[in-house]
Amino acid sequence: SDPGLLLSDGETAMLQWVLEAINKETGVQCALAVLADLQGGDRGDPTRFRRFGVQLFNTWGVGSAERNNGVLFLFLREAR
């Protein structure tokens, strides 16, 4: 997911290909989220990024709960 269109079409296609190849070869389900920033919340909270990632992982239902085989790649370009 790249709602801010931070990646080019070529980059998106390549990443999609890589994630699908990982799934075919290993059975691991991968998801990718690329965001410009996290809206809301306390920017000074060092756990904010991790909490958002865990919530997104669970909301999207990445992987199988029985096999515990999900990976979320979360990239955030946020001003410091």
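Residues numbered from 1 in each chain as written. Predicted model: local features only at pLDDT ≥ 70, side-chain atom pairs only at ≥ 80, totals over all residues. Heavy atoms only, no water.

### Overview of a nonpolar patch on the surface
Note the following rule: Nonpolar side chains (Val, Leu, Ile, Met, Phe, Trp, Tyr) within 5 Å and like charges within 9 Å form the patches, drawn only from residues with over 30% relative accessible area and no salt bridge. All accessibility values rest on the Shrake-Rupley procedure with a 1.4 Å probe; residue burial counts only the protein chains present in the view. For salt bridges, the criterion is a side-chain nitrogen of Lys or Arg within 4 Å of an Asp or Glu carboxyl oxygen. The secondary structure listing takes helices from DSSP runs of H or I that are at least 4 residues long and strands from runs of E that are at least 2 residues long, numbered from the N terminus. A 1.4 Å probe rolled over the protein chains alone gives each residue an accessible area, and that area as a share of the maximum for its type sets the label: buried under 20%, exposed over 50%, partly exposed in between.
Together, Met14, Trp17 and Val18 make up a nonpolar patch on the protein surface, roughly 330 Å² of accessible area in all. Position of Trp17 relative to the elements: it lies in helix α1 (residues 9–26). Under the relative-accessibility criterion, Trp17 is labelled exposed at 58%.

### Examining the environment of Ser64
The condition that has to hold: N or O atoms closer than or at 3.5 Å make up a polar contact, with two conditions inside protein: a donor-capable atom paired with an acceptor-capable one, and, for residues adjacent in sequence, both atoms drawn from side chains.
With respect to the helices and strands, Ser64 occurs in the loop between α2 (48–60) and β2 (70–76). Residues Ser64 and Val28 lie 36 residues apart in sequence; the distance between their C-alpha atoms is 8.8 Å. A polar contact is formed between the side chain of Ser64 and the side chain of Glu66, at a distance of 3.0 Å.

### With respect to α2
What counts here: What a helix should span is 1.5 Å times the count of its residues minus one. Arc definition: directions from the helix axis to the C-beta atoms. We call two residues contacting when some pair of their heavy atoms lies within 4.5 Å.
Taking 1.5 Å per residue as the helical rise, α2 with its 13 residues ought to reach 18 Å, and the 18 Å between its terminal C-alpha atoms agrees with that figure. Looking only at α2, the buried set comprises Arg48, Gly53 and Leu56. Buried residues along α2 cover an arc of 130° about the axis, so they all sit on one side. Across α2 from its buried face, at more than 90 degrees, point the exposed residues Arg50, Gln55 and Asn58. Tucked inside the fold, the buried residues of α2 contact β1 (29–35) and β2. Just downstream of α2 lies Gly61, where phi reads positive at about 65°.

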